[in-house]
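Each chain, letter by letter, is given below.
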Amino acid sequence: MSTITAIGTSLGTSGINIIRLSGENSLNIIKNLFNNYSKLSPNSIIYGKLIDNGSFVDNVLISYFKAPNSFTGEDICEINCHGGSYITKEILNLVVRNGAEIATPGEFSKRAFLNGKMDLSEAEGIIDLINAKTKTEARIAIEQLDGQLFKKIVSLREKLIEILAQVEVSIDYPEYDNVEVDNIHVLNLLELEIFEITKLLDSYEEGKYIKNGINVAILGRPNVGKSSLLNNLAKYERVIVTDIAGTTRDIVEETVNIGDIILNISDTAGIRDTEDIIEKIGVSKSIKKIDEVDLVIYILNADDNLSKEDIDMISKIKNKGIKYIVVINKMDKYIKSIFDTFTLKLSENNINDTINISVYENKGIDELKRKIISMFFDDNLNSVNEVMIVNERHKKLLEKSIEYLKNAKKDVINDMPVDIISIQIKESAKKLGEIIGNDVSQDIVDKIFTKFCLGK
Ligand SMILES: Nc1nc2c(ncn2[C@@H]2O[C@H](COP(=O)(O)OP(=O)(O)OP(=O)(O)O)[C@@H](O)[C@H]2O)c(=O)[nH]1
Ligand SMILES: [Mg+2]
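Now for a description of the structure that goes with this document.

Basis of the calculations
- Residues numbered from 1 in each chain as written.
- Chains lettered and ligands numbered in written order.
- Predicted model: local features only at pLDDT ≥ 70, side-chain atom pairs only at ≥ 80, totals over all residues.
- Heavy atoms only, no water.
- Helix = DSSP H or I, 4+ residues; strand = E, 2+ residues; numbered from the N terminus.
- Rg over C-alpha atoms; globule rule 2.2 N^0.38 Å.
- Buried < 20%, exposed > 50% of the residue type's maximum accessible area, 1.4 Å probe, protein only.
- Contact = heavy atoms within 4.5 Å.
- Lys, Arg positive; Asp, Glu negative; His and termini not counted.
- Charge placed at Lys NZ, Arg CZ, Asp CG, Glu CD.
- Donors = N, O, S within 2.8 Å, 3.2 Å for Na, K, Ca; no water.
- Near = heavy atom within 4 Å.
- Polar contact = N/O pair within 3.5 Å; in protein donor to acceptor, adjacent residues only side chain to side chain.
- Areas by Shrake-Rupley, 256 points an atom, 1.4 Å probe, with all protein chains shown as cover.
- Nonpolar A, V, L, I, M, F, W, Y, C, P; charged D, E, K, R; others polar.
- 1 Å grid on protein atoms, 1.4 Å probe; cavity = no way out; pocket = protein on both sides within 12 Å on 5 of 7 lines; lining within 4 Å.
- Points joined across faces, edges and corners; volume = space filled by probe spheres on them.
- Pairing = 2+ DSSP bridges.
- Phe/Tyr/Trp six-rings, centres within 6.5 Å; stacked < 30°, edge-to-face > 60°.
- Core = buried A, V, L, I, M, F, W, Y, C linked by side-chain atoms within 4.5 Å.

Bringing the overall build of the protein into the picture now. The helix and strand inventory of the protein stands at 15 helices and twelve strands. In terms of C-alpha radius of gyration, the protein reaches 30 Å, well past the compact-globule figure of 23 Å for 456 residues. Projected onto its principal axes, the C-alpha coordinates of the protein cover approximately 85 × 80 × 40 Å. A burial count over the protein gives 47% of its 456 residues as buried. The contacts of the protein with a sequence gap of at least 6 include a subset with a gap of at least 24, amounting to 68%. Averaging the positions of the 56 positive and the 70 negative side-chain charges in the protein gives two centres separated by 5 Å.

Attention now goes to the coordination of the magnesium ion (ligand 2). Summarising the metal site, the magnesium ion (ligand 2) is bound by the protein donors Ser227 (OG) and Thr248 (OG1), whose distances to it range over 2.0 Å. Placement of Ser227 in helix H8 (residues 226-234) and of Thr248 in the loop between H8 and strand E8 (252-258) is noted, with a sequence separation of 21 residues between them. The exposure class assigned to Ser227 is buried, which follows from its relative accessible area of 8%. Take Thr248: its relative accessible area is 10%, and that puts it in the buried class.

Here we take up the site of ligand 1. Around ligand 1, the surrounding shell holds 23 residues, and the nearest of these are Lys226, Ser228, Gly246, Thr248 and Asp332. Between ligand 1 and the protein, one listed contact pairs an oxygen atom with a backbone N or O atom of Gly246 at 2.8 Å. Taking 660 Å² as the accessible area of ligand 1 by itself, protein coverage stands at 94%. Looking at side-chain class alone, the shell around ligand 1 contains seven nonpolar, eleven polar and five charged residues.

Let's shift gears to empty space enclosed by the protein. Using the criterion set out here, one finds one cavity of 30 Å³ or more in the structure. The volume enclosed by the largest cavity comes to roughly 30 Å³. Surrounding the largest cavity, Ile140, Glu143, Gln144, Gln148, Leu149, Val387 and Met388 form its lining. When contributions to the lining of the largest cavity are tallied by element, the ones reaching two or more residues are helix H5 (135-145) and helix H6 (148-172). When residues in the lining of the largest cavity are grouped by element, the largest group, three residues, is from H5. Of the residues in the lining of the largest cavity, the class split is four nonpolar, two polar and one charged.

Our focus in this paragraph is the sheet that holds strand E11 (residues 323-329). Sheet architecture is open: six strands sit in the order E8-E9-E7-E10-E11-E12, paired in mixed fashion. Edge positions in the sheet fall to E8 and strand E12 (355-356), since each has one partner strand and no second. Pairing between strand E7 (residues 214-220) and strand E9 (residues 261-267): five bridges, direction parallel. For Val216, the partnering residue across the bridge sits in E9 and is Ile265.

Read across the open sheet, the six strands follow the order E3-E4-E5-E2-E1-E6; overall the sheet is mixed. Both edges of this open sheet fall to strand E3 (44-52) and strand E6 (101-102), since each of them pairs with a single strand only. Bridge count for strand E1 (residues 4-7) against E6 is two bridges, and the pairing is parallel. The residue of E6 that forms the bridge with Ile4 is Glu101.

Let us look at the side chain of His394. Tracing the chain through its elements places His394 in helix H13 (residues 392-413). Since its relative accessible area comes to 0%, His394 is described here as buried. Look past the residues within four positions of His394 in its chain and what remains in contact with it is Ser121, Glu124, Gln144, Leu149, Ile389 and Ile435.

To continue, consider the packing of aromatic side chains. One pass over the structure, following the stated rule, counts five aromatic pairs. Aromatic pair Tyr209 and Phe376: ring centres 4.7 Å apart, planes at 75 degrees, arrangement edge-to-face. With a gap of 167 residues between them, Tyr209 in helix H7 (residues 179-212) and Phe376 in helix H12 (residues 365-376) connect regions that are remote in the sequence. Summarising the burial analysis for this pair, Tyr209 and Phe376 share the class buried. Ring centres 6.2 Å apart and planes at 35 degrees place the aromatic pair Phe339 and Phe342 in the tilted group. With a gap of three residues between them, Phe339 and Phe342 both fall in helix H11 (residues 336-348), about one helical turn apart. The residues Phe339 and Phe342 share a single accessibility class, namely buried. An aromatic cluster of at least three residues, connected via ring pairs, comprises Phe113, Phe449 and Phe452.

Another point: the pairing of E1. Judged by which residues are buried, E1 turns out to be covered on both faces: Ile4 and Ala6 on one side and Thr5 and Ile7 on the other are all buried. Across four bridges, E1 lies against strand E2 (residues 16-22) in antiparallel orientation. Residue pairing for E2: Ala6 is matched across the bridge by Arg20.

All right, on to the side chain of Ser401 then. Considering the arrangement of structural elements, one finds Ser401 in helix H13. Excluding residues within four positions of it along the chain, Ser401 makes contact with Ile197, Ser428, Lys431 and Leu432.

Moving on, we get to the nonpolar core. One recurring pattern in soluble globular proteins is that nonpolar side chains are buried together. Core analysis: the largest hydrophobic core is formed by 33 residues, its most contacted members being Ile214, Leu229, Leu263, Ile265, Leu295, Ile297 and Ile372. For this core, the elements supplying multiple residues, two or more each, are H7, E7, H8, E8, E9, strand E10 (295-301), E11 and H12. Not counting residues up to four positions away in its chain, the partners in contact with Ile214 are Tyr209, Ile261, Ile262, Leu263, Asn264, Asp294, Leu295, Ile372, Phe376 and Phe377. In this structure, Ile197, Leu201, Ile389 and Leu405 belong to the second largest nonpolar core, which totals 28 residues.

Laid out in structure tokens, this is it:
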């Protein structure tokens, strides 16, 4: 294996930067460049001078981890130099001139996986931790890189192997077989395993929103305060707000945090019939957006009439089965008689469960935030103890694993030969194994690690 190198820190102006080397030639390369090389021993970090052909390059700290006791399982040396992009790149070039190859993204972690230093789900946890933008996202990633998912998968696989043993006893000793009793027992075990895997699979529903955020569109007629709500949630003037109907012409996207959850919000052009060509395009984009999001916030105004367009749009959203919240804005303009007629009309049209807000007075916004969270998450997020999945690859493998077990159940019920049942159970176990990296193809491994950043 070649010796690879990359800058492990982000290139900018900082106190220090780190250039990593991994591979059997790491120590030799350092030997050519470091004046205090003789003091380096495994698991040590030594201060000294980096020298290139007799000329001083930088004062550095160099650490050394001897194979197999390192992150990659290979010899690793790390050069801690002064921060600053020029000197860091100079040292990287120096290391390359002395025999190292520039690493591809994720190559250090890929080597760690190939050398058995971590399983695939742990490696995926590392990418997620690096990319995490919220506390909850980071917590799930840490659990994964700490091997929690690995342990869960291993235990699910062990149970499958026990079931397999039960099934195969009947192959080896058919003369002792009481088929009916055996079948019921195997069916129960399969049912239990399907239940356990489904439980893990279901956690993806919440997990994907934690990882990717909730995609939200704010819709409504012109001037109801859609952009004002986005600005309020973003906590700065992201979008132009005026009292001219039709101010927002195109979709404006912004990511905001509410508590520990990310919302990817699209503010849209107010929906109305218009002859203005640009606005017309904007309106059709607004309507299309409904199909792309997880949640629609539909805004009405407290001092307005409920129009036919509103009723039609809300029905359209309802019929599509998309999650939605009807928000009544401008409650600061509340006049009882108008509002009573308005709410009556709402309930006549089966629009209930609305949230009243005033963006002007910053009222009702917290309730709206709580409502959004409760629509996507069951419990208090921080008290979740169960292992969660957040990765689509894992989700698909769990689904396949369940599918094979359901086939196995059918085969048992239909009195199929035992070896056919065994094949289904083995395939199911194989799919579980792929989550942690057993029997995965080179293509999949390569694909996973290219998602890593350089130097990891
Ligand atoms: N009284 C009152 N006025 C508000 C409130 N929220 C927004 N407005 C005003 O309503 C007008 C329209 O606000 P926008 O946020 O531009 O409305 P919009 O829905 O984005 O409008 P379009 O982009 O034209 O579709 C502006 O004059 C806002 O200042 C509120 O809570 N109370
Ligand atoms: Mg607007």
